[in-house]
Amino acid sequence: MPKTEAEIQRQKEMQQAEELLFSGRQELGFAKGLFHGNFVADWVMPYPRLAAAQETELESALAEVRQMLDRELDPDWIDRNADIPRNLVEGLAHTGVLGMTAPREFGGRGFSQMQCCRILEEIGKRDASTSVFVNAHHSIGIRALILFGTREQKARWLPPLVTGEQLAAFALTERDAGSDAANVRMTATPSEDGSHFILNGEKRYITNAGIAQVWTVMARTPVPGKPGKDAITAFLVTPDMPGVEMINPRMPKLGIRGTATARFRLNNVPVPKENILGPLGKGLRVALTVLDFGRTTFGACCTGAAKTCLRLAIEHANSRQQFKKTLGDFDLVKKKIARMAADVYAMEAMTQVTASLIDRGLEDYMIETAMLKVFTTERLWEAVNDAFQIHGGSAYFDDSPLGRILRDARINQIGEGSNEVLTSFIALVGMRGPGMEFKEIYDTMLKPNIQSIGRAFNSGMNRLSATVRTPGVPVRSSELRGFAGQLGRLIWRFNVAVNRALVVYREPVLDMQLLQERIAGAAMELFASTCTLSRWDAELQARDRNGEVRQPDFSAPDYFLRKSIRHAKQLLAELNDNDDKALLASANAALGKTEQSEPKRQ
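All figures in this text were calculated on a predicted structure; none of them were measured in a lab.

## Some points on empty space enclosed by the protein
Vacant regions in the atomic arrangement are exposed by a probe of water-molecule size rolled over the atoms. Considering all chains together, one arrives at 2 cavities of 30 Å³ or more under this definition. Taken as a whole, the second largest cavity spans an internal volume of roughly 30 Å³. Taken together, C117, R118, E121, A300, E348, T351 and Q352 make up the lining of the second largest cavity. Those elements that provide at least two residues to the lining of the second largest cavity are α6 (113-126) and α11 (331-359). When the residues that make up the lining of the second largest cavity are grouped by side-chain class, the tally is 2 nonpolar, 2 polar and 3 charged.

Structure follows, in structure tokens:
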């Protein structure tokens, strides 16, 4: 029976995903280990700490940055005027923020990703426009150049970028390409003599593009020797090249109004071949690698903003009186404060752990960075809402910073990959490993041969081992062994649920986004709980080593672990007990869609 057009398109998409995500070395990191029923302890324990020299260097840098921000940063002015003033840009450049992780030999500070995240958390506490500006310039704008540029390219382009003489932008998004990064339509056609490429197309929603002098632009190039086939390539483009048309240098926005978000078109723009970043046709790999770094600093910025929400909520709860009590005396207010404090602790722990994976040179941490981005942006939005509610009507007026914070925070669940797309990504990439093992077993049962029987046996033993074994979570503090045991049993339960979903639904699971959401949500809670437990364990060990008489307060991690484990259990239970059929029927009716065939749900 011939394949339908939809089936052909699905097969093409799966092939592209395989080539992009799974063609290199596949390391069993922490997140993928969860889906296999393993606890890859050395990725998350012991909790990462900076070396003493790095910590000293960072504290000095933070003190300098704080002084500069106190002097130069006025978030309300930035919001009102929809601009980041030049004096602030110069201050960020002078304190080394604009070139934090660039090599020292090219004028950068050579900071690690953990150090970089601590700096961006500090900026995120104060103003989202400024933190997004820095992120767009540094974390993604010049990141491709740092990671994939040749020595000659770095020597030419980096020095003015790290000093702030020039600014950078990362141009991926188009009308039909955003979270769907592989759908880029801008073209780059090689010239007859091969000396340059001619770029044509339009980019939109590009942060900093209206003020930047260097853009990293993604465009489609023909694949040599394969007529009719093309692939995405990364180019360094400057706005002064002939044929560049700036359609709108500052698109009006609801929030992060200080950033210059632009729309531009390239009309037969000649770009020298020397401006290609990374291998020809490997631009999507470049883009996804860059976004891993950006999502990590995204987590840091959101953590900083959530800390500000918590501080504002505490200050108001302790000072505002109603019914002859302060707001902080009411349990429903305490509930919000406790949730914010617990989430902030976990957000900070997740950011540090994820950043450390980059610093250690580990491979394949795409799921971890996606988890961090989704988790921190969602929890920041909840923190803004809770702080807003605690402040009551006063938060709704323009003299409160919470209105600006609320408008600024809303973009986080959309930018650098929408949370819905990343949620499906987490579930599907995570399930691929055990799914391939089940496929090996199934294919061998249909067509057995000597080679496949051996592979199927190994796959079967892996699945069986994960089913009968509860992974251990190695904590050093005796007070935490109860939580460690709960986490280990929950990982076992998660693996059983993943296995069941793969066996029951098989290939249709690729389209079952409500199931994917629950699996990804449980995985995120497991990652967040692990990072929280690792941090708490390290702090208990430090307390014991230092012989502290005064007991530190650990109520925030205690509460977070309790509510996170409970939420994960709830998500797994809902895999078998849910209202998905009614939900989809209601949505289809509202959308005016005819009833579609749905995969069997149990």
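Additional details are given in the paragraphs that follow.
## Brief notes about the layout of surface pockets
In this structure, the second largest pocket encloses a volume near 520 Å³. Taken together, 19 residues make up the lining of the second largest pocket; nearest its centre are V374, E378, T423, E517 and M524. Among the secondary structure elements, those contributing two or more residues to the lining of the second largest pocket are α12 (366-391), α14 (419-446), α17 (513-546) and α18 (555-573). In terms of residues, the lining of the second largest pocket owes the most to one element, α17, which gives 8 residues. A breakdown of the residues in the lining of the second largest pocket according to their chemical character gives 6 nonpolar, 7 polar and 6 charged.

## Some details on the packing of aromatic side chains
The description of an aromatic ring pair uses the distance of the two centres, along with the angle that the planes make with each other. Scanning the entire structure with this criterion turns up 9 aromatic pairs. Ring centres 5.5 Å apart and planes at 85° place the aromatic pair F30 and F39 in the edge-to-face group. Measuring from ring centre to ring centre gives 6.3 Å for F388 and Y396, while their planes differ by 90°; the resulting arrangement is edge-to-face. You can call F388 buried: its relative accessible area is 15%.

## Side note on the nonpolar core
Grouped together as the largest cluster of nonpolar side chains are 99 residues, with contacts concentrated most on L380, F494, I519 and L533. Here this core gets 14 residues from one element, more than from any other, and that element is α17. If sequence neighbours within four positions are ignored, L380 has contacts with C302, A305, A306, C309, M347, A409 and N412. Within the second largest apolar cluster, 80 residues are counted, among which are A102, F106, W215 and V286.

## Observations regarding the environment of L575
Within the fold, L575 resides in the loop between α18 and α19 (580-591). With relative accessibility at 10%, the residue L575 sits in the buried group. C-alpha of L575 to C-alpha of I519: the two residues are 56 residues apart in sequence and 8.2 Å apart in space.

## Digging into the pairing of strand β2 (residues 187-190)
Strand direction decides the pairing type here: β2 and strand β3 (residues 196-207), joined by 4 bridges, are antiparallel. For P190, the partnering residue across the bridge sits in β3 and is F197. A loop of 5 residues connects β2 with β3, the two strands running antiparallel in sequence, and G194 in this loop sits at a positive phi of about 75°.

## Regarding a positive patch on the surface
A cluster of basic residues, R489, R493, R566 and K569, forms a positive patch at the surface. Contributing elements (two or more residues each) for the positive patch: α16 (481-505) and α18.

## What about unusual backbone geometry?
Residue P46 is reached from M45 by a cis peptide bond, and omega for that bond is -5°. Its place among the elements puts P46 in the loop between α2 (30-35) and α3 (52-72). Positive phi values are uncommon outside glycine, yet N208 reaches one of about 80°. Of note, N208 is situated in the loop between β3 and β4 (214-222). Assessed through its relative accessible area of 0%, N208 is described here as buried. In this structure, R506 is a non-glycine residue whose phi angle is positive, near 50°. Mapping R506 onto the fold places it in the loop between α16 and α17.

## A look at the state of the cysteines
Applying the stated criterion to the full structure yields 0 disulfides. Here C302 stays free of any disulfide, with the sulfur of C301 as its closest cysteine sulfur at 6.9 Å. Since its relative accessible area comes to 2%, C302 is described here as buried.

## A short note on the confidence of the model for the chain
Residues shown with low pLDDT carry predicted positions that ought not to be read at fine detail. Of the residues in the chain, 88% have a pLDDT of 70 or more, and the chain-wide mean is 90. Within the model, pLDDT remains below 50 along residues 597-602, and this stretch shows 13 contacts once partners closer than five positions in the same chain are excluded.

## A short note on the packing of α6 against α11
α11 packs onto α6 with a crossing angle of 145° between their chain directions and a minimal axis gap of 8 Å. Note on element contacts: α11 touches α6 through E348, T351, Q352, A355, S356, I358 and D359, opposite Q113, M114, C117, R118 and E121. Considering only residue class, the contact of α6 with α11 consists of 4 nonpolar, 4 polar and 4 charged.

## So, the environment of A355
Counting through the fold element by element, A355 comes out in helix α11. Taking the C-alpha atoms as reference, A355 lies 8.9 Å from Q115; in sequence the two are 240 residues apart. Not counting residues up to four positions away in its chain, the partners in contact with A355 are Q113, M114, C117 and T296.

## Re helix α10 (residues 283-319)
Compared with an ideal rise of 1.5 Å per residue, which puts 37 residues at 54 Å, α10 spans 54 Å between its outermost C-alpha atoms and is within 8% of the ideal. Along α10, 29 of the 37 residues are buried, which leaves the element largely enclosed by surrounding structure.

## Details of the packing of helix α7 (residues 128-141) against α10
The packing of two helices is summarised by the inter-axis angle and the distance between the axes. Packing of α7 against α10 brings their axes to within 9 Å, and their N-to-C directions diverge by 155°. Comparing their axes, α10 and α7 come out roughly antiparallel. Here the hand of the crossing between α7 and α10 comes out right-handed. Judged by residue contacts, S131, N135, S139 and I140 of α7 engage V290, F293, G294, T297, F298 and C301 from α10. Each residue belonging to the contact of α7 with α10 can be placed in one class, and the counts come to 5 nonpolar, 5 polar and no charged.

Rules used throughout
Residues numbered from 1 in each chain as written. Predicted model: local features only at pLDDT ≥ 70, side-chain atom pairs only at ≥ 80, totals over all residues. Heavy atoms only, no water. 1 Å grid on protein atoms, 1.4 Å probe; cavity = no way out; pocket = protein on both sides within 12 Å on 5 of 7 lines; lining within 4 Å. Points joined across faces, edges and corners; volume = space filled by probe spheres on them. Helix = DSSP H or I, 4+ residues; strand = E, 2+ residues; numbered from the N terminus. Nonpolar A, V, L, I, M, F, W, Y, C, P; charged D, E, K, R; others polar. Phe/Tyr/Trp six-rings, centres within 6.5 Å; stacked < 30°, edge-to-face > 60°. Buried < 20%, exposed > 50% of the residue type's maximum accessible area, 1.4 Å probe, protein only. Core = buried A, V, L, I, M, F, W, Y, C linked by side-chain atoms within 4.5 Å. Contact = heavy atoms within 4.5 Å. Pairing = 2+ DSSP bridges. Patch = residues over 30% accessible without salt bridge, like charges linked within 9 Å, V, L, I, M, F, W, Y side chains within 5 Å. Areas by Shrake-Rupley, 256 points an atom, 1.4 Å probe, with all protein chains shown as cover. Salt bridge = Lys/Arg side-chain N within 4 Å of Asp/Glu carboxyl O. Lys, Arg positive; Asp, Glu negative; His and termini not counted. Charge placed at Lys NZ, Arg CZ, Asp CG, Glu CD. Disulfide = S-S within 2.5 Å. pLDDT = per-residue confidence, 0-100. Axes fitted to C-alpha atoms, helices over the stretch in contact; angles between N-to-C directions. Expected span 1.5 Å × (residues − 1). Parallel < 35°, antiparallel > 145°, perpendicular 65-115°, else oblique. Left-handed = near helix turned anticlockwise from the far one by under 90°.

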